[in-house]
Structures are given as structure tokens and as C-alpha cells.
Amino acid sequence: MEISFKDVTYTYFTGTPFEHRALQDINVQFKQGTYVAVIGKTGSGKSTLVQLLAGLLLPTRGVLQVGDTRIHSRSKKLGEYRKRVGVVFQYPEHQLFEETVAKDIAFGPNNLGCDVAEIEHRVTEAMVWMGLSPDLRDRSPFELSGGQMRRVAIAGVLAMRPDILILDEPTAGLDHLGQRDLLSILKRFHQHFGCTVVHVTHNMNEAAELAEQVVLMSDGKVIATGRPVEIFRNLPYLQVSGLDVPDVTKWIMSLNEKLSTPISTEIYELSTLADELVHRWRKGS
Ligand SMILES: Nc1ncnc2c1ncn2[C@@H]1O[C@H](COP(=O)(O)OP(=O)(O)OP(=O)(O)O)[C@@H](O)[C@H]1O
Ligand SMILES: [Mg+2]
């Protein structure tokens, strides 16, 4: 499903003294199956943007077109649409509520009307995806570690097999290893199922490594969108938005000051940079 925001504005508490325009004239498109990273400093409108996409908020003005569904200020009956969009909110483990891990993961597929065998299949599959051992099935999610609880919460969303997967700061609060593990799961999941992923993050390294399209937000507007290399080659521009380039880009830029043949700034994975350096060293350059 192609996603297209057309002149979308969103104002919280319209017509009250608390009125606050969070998004203004958003125009952006995501192709079916793209991994999109939404970046921008705090308060720039990232979460509001994805809540509109999830059908949880309606545009104050403008239209959001997702496949055949048109979402505007008077849209009704988005129930069917919402079933196709999976949302992993910030700190999703706070929303766990069932007695067991398996029941929690089953909640979404159950709501979708899947039969018992299908639910069972999806719960098992989602646990495998999230690296959750089968003996956690009957445990209470509240007895698990924070990292495991996060995995259970995400498994519950994956089990719905959404066409669009929204992740709002999915690695926030995890330790470095937990972050790496989760990112590699998300990358493989996207490659396997080909769903559209919209991943909100403060972390430029995450955006650079995973995204095919980056959306840069500032003060309720989309100020740039494009491939990571198109967004991250422009440090002054990012700094104006209160952001920075990915670490790998910083290292390449400083290496390139000393190299006669520069290294491509299109490299975002540390392992790829290491391979490039080893290759050059072997060649003696
Ligand atoms: N429920 C709400 N009621 C009123 N204003 C809100 C509400 N939620 C967000 N805002 C305001 O709308 C603007 C955009 O907020 P939003 O949460 O979308 O930003 P964000 O980029 O996700 O920020 P963060 O990185 O801190 O999560 C901010 O000025 C925020 O204060
Ligand atoms: Mg947010």
C-alpha cells in the first residue's frame, strides 16, 4: 500500500485555549514495502505523524491516503484499516496486561478473528522471531526482565502480521546489546515479510543503518526526505534541526581528510567500513 500525506495539518485541542499545532502541511510519500526512518528532535512531531498513520488521530486538515483508504478530518469506521497497521508505542512493555506471555501475544491475532490453530501458529512464530524461548510461554510477562518484556510486546504486534509496522523509539531504554539485537530482528523481519516499516528514532545510527528512506522533521514540518546518503551528507542542515550525522559518517569524514581516495559516505554499517579498510590495507593504499 502506497502511503501519501497530502497537505496534512494536525492541531491538538482545536478551538480551546490549549490549541497547539503539532504538524503543518505535511507532504510526504512512502512506497509499499519501504523501511522508513522518521528523525527529528524532541517535539518535532514524529509521534503525531505516526499516530495519524495508525488511524489513531485524524488530520485537522488535508488527506492521508493509504492504498484505497482516504483518511481526513471526518473519516469514520477506520476499524478495518487499523487492523492492518501494527503500532509499537514508546515503552510498549507498559501495555502488557495478560496473565501469560502466550496470551499477551495472542491478543492481537484473536482480535483479528484468527482461529485457535492460526493463533497458536502465530504466537509460536512471533516468539521465534523475537528470540523468546518457548518455556517463557506460560510465564507471567511481569516476571520477565525489561528487555524480555519489550520483546513480548513487540511479538504481540508482529503476530498481527501488519501491512504497515510502526515503531516509535523501539530501542529506547535498552542497553547497547539489547538495541543491536532488536535492530537486527527488525531488519530481518522487514526483509522476510516485506511490510512497510515506519521507525521513529532519535538515533542517527539506527536510521542510517536500517532505513531506505529518511524523513527529517523539525517544528511540525517535514524539512527533507530521501535516501540516508541524501540526508546525512549535509551536516550543517542536520545541525540546524538539532541533529547530527551517524557515527560511521563522522569517522569516514575525518578519515577522508587524510586519504587521497576518499571512502564512500554511503557506508553506514561498521562492519562494511571495517571491510573497506581491510581491503585498502591489503592493497597497500
Ligand atoms: N496529547 C497532546 N496534547 C497537546 N499537545 C501535544 C500532545 N502530544 C504532543 N503534543 C505537542 O505536539 C508537538 C509534537 O509532539 P510529538 O509528540 O509528535 O513530538 P515527537 O517528535 O514525537 O517528540 P519526542 O521525540 O519527544 O517523542 C509537541 O510540541 C508536543 O508538545
Ligand atoms: Mg515521540
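Refer to the preceding data block for the structure.
Keep in mind the model is a prediction, meaning the values are calculated, not measured.

Asks: Outline the sheet that holds strand β4 (residues 61-66), listing residues and values.
Replies: Strand order across the open sheet formed by four strands is β2-β1-β4-β5, with antiparallel pairing between neighbours. The open sheet has two edge strands, β2 (20-30) and β5 (69-71), and neither has a second partner. Between one strand and the next, the sheet's axes are offset by a mean angle of 20°, whatever the strand orientation. When strand β1 (residues 3-12) meets β2, the two strands line up antiparallel, connected through seven bridges. Counterpart to Phe-5 in the pairing with β2 is Val-28. Along the sheet face, helix α1 (residues 46-53) touches β1, β2 and β4 and points at about 120° away from the line of β1.

Asks: Help me get a handle on the pattern of salt bridges, residues and values and all.
Replies: The full count for this structure, using the stated rule, is 16 salt bridges. Arg-84 is the partner of Asp-163 in a salt bridge, and the nearest nitrogen-oxygen pair spans 3.5 Å. Taken together, the positions of Asp-163 in the loop between α5 (146-158) and β7 (164-168) and Arg-84 in the loop between α2 (79-83) and β6 (85-88) put the pair 79 residues apart, joining distant regions of the chain. We classify Arg-84 as partly exposed; its relative accessible area is 29%. Linking Lys-103 and Glu-99 is a salt bridge whose minimum nitrogen-to-oxygen distance equals 3.2 Å. On the basis of relative accessibility, which here comes to 38%, the residue Lys-103 falls in the partly exposed class. One continuous salt-bridge network, built from bridges that share partners, spans Asp-244, Asp-247 and Lys-250.

Asks: Outline the pairing of strand β9 (residues 213-218), supporting the account with residue identities and numerical values.
Replies: Burial within β9 is extensive, with five of its six residues counted as buried. Pairing analysis gives four bridges linking strand β3 (residues 35-39) to β9, with the strands arranged parallel. For Ile-39, the partnering residue across the bridge sits in β9 and is Leu-216. Sheet topology places β9 next to strand β10 (residues 221-226); five bridges connect them, and they run antiparallel. Note that in β10 the partner of Ser-218 across the bridge is Lys-221.

Asks: How would you summarise the site of ligand 1 if you had to cite specific residues and measurements?
Replies: Taken together, 14 residues sit near ligand 1, with Thr-42, Gly-43, Lys-46, Ser-47 and Thr-48 positioned nearest. Note that an oxygen atom of ligand 1 is positioned 3.2 Å from one of the backbone N or O atoms of Ser-44. Between ligand 1 and Lys-46, the relevant distance is 2.7 Å, taken from an oxygen atom to a side-chain nitrogen or oxygen of the residue. Protein chains shield 66% of the accessible area of ligand 1, which is 640 Å² for the free molecule.

Asks: Can you tell me about the sheet that holds β10, naming the residues and giving the values?
Replies: The six strands lie next to each other as β6-β7-β8-β3-β9-β10, forming an open sheet whose pairing is mixed. Only two strands of the sheet have a single neighbouring strand rather than two, namely β6 and β10. Put simply, the sheet's adjacent strands are angled 15° from each other on average, direction ignored. Where β3 meets strand β8 (residues 196-201), five bridges bridge the pair, whose relative direction is parallel. Across the sheet, the residue bridging to Val-36 is Val-198, located in β8. Packing of α5 onto the sheet brings it into contact with β6 and β7, and relative to β6 it is tilted by some 170°.

Asks: Which residues make up the environment of Gly-220, and what values do they have?
Replies: Topologically, Gly-220 is positioned in the loop between β9 and β10. C-alpha of Gly-220 to C-alpha of Gln-239: the two residues are 19 residues apart in sequence and 17 Å apart in space. Among residues more than four places away in sequence, those in contact with Gly-220 are Ala-22, Leu-23, Gln-24, Ile-26 and Ser-44.

Asks: Explain the nonpolar core to me, using residue names and the numbers behind them.
Replies: One finds Ile-105, Met-130 and Leu-165 to be the most contacted residues of the largest nonpolar core, which totals 36 residues. Elements with a minimum of two residues in this core: α3 (101-111), α4 (116-129), α5, β7 and α6 (176-193). At seven residues, the largest contribution of residues to this core is made by α5. By size, the runner-up hydrophobic cluster in this structure holds 29 residues, among which are Val-38, Leu-52, Leu-53 and Leu-78.

Asks: Tell me about the side chain of Glu-206, and name the residues and values.
Replies: With respect to the element layout, Glu-206 can be found in helix α7 (residues 204-210). No salt bridge is formed by the buried Glu-206. Its closest oppositely charged neighbour is Arg-180, at 7.5 Å. Sequence-distant contacts of Glu-206, defined by excluding residues within four places in its chain, comprise Thr-171, Leu-183, His-199, Thr-201 and Ala-211.

Basis of the calculations
Residues numbered from 1 in each chain as written. Chains lettered and ligands numbered in written order. Predicted model: local features only at pLDDT ≥ 70, side-chain atom pairs only at ≥ 80, totals over all residues. Heavy atoms only, no water. Pairing = 2+ DSSP bridges. Helix = DSSP H or I, 4+ residues; strand = E, 2+ residues; numbered from the N terminus. Axes fitted to C-alpha atoms, helices over the stretch in contact; angles between N-to-C directions. Contact = heavy atoms within 4.5 Å. Salt bridge = Lys/Arg side-chain N within 4 Å of Asp/Glu carboxyl O. Buried < 20%, exposed > 50% of the residue type's maximum accessible area, 1.4 Å probe, protein only. Near = heavy atom within 4 Å. Polar contact = N/O pair within 3.5 Å; in protein donor to acceptor, adjacent residues only side chain to side chain. Areas by Shrake-Rupley, 256 points an atom, 1.4 Å probe, with all protein chains shown as cover. Core = buried A, V, L, I, M, F, W, Y, C linked by side-chain atoms within 4.5 Å. Lys, Arg positive; Asp, Glu negative; His and termini not counted.

Scope: geometric values only; no functional claims are made or implied.
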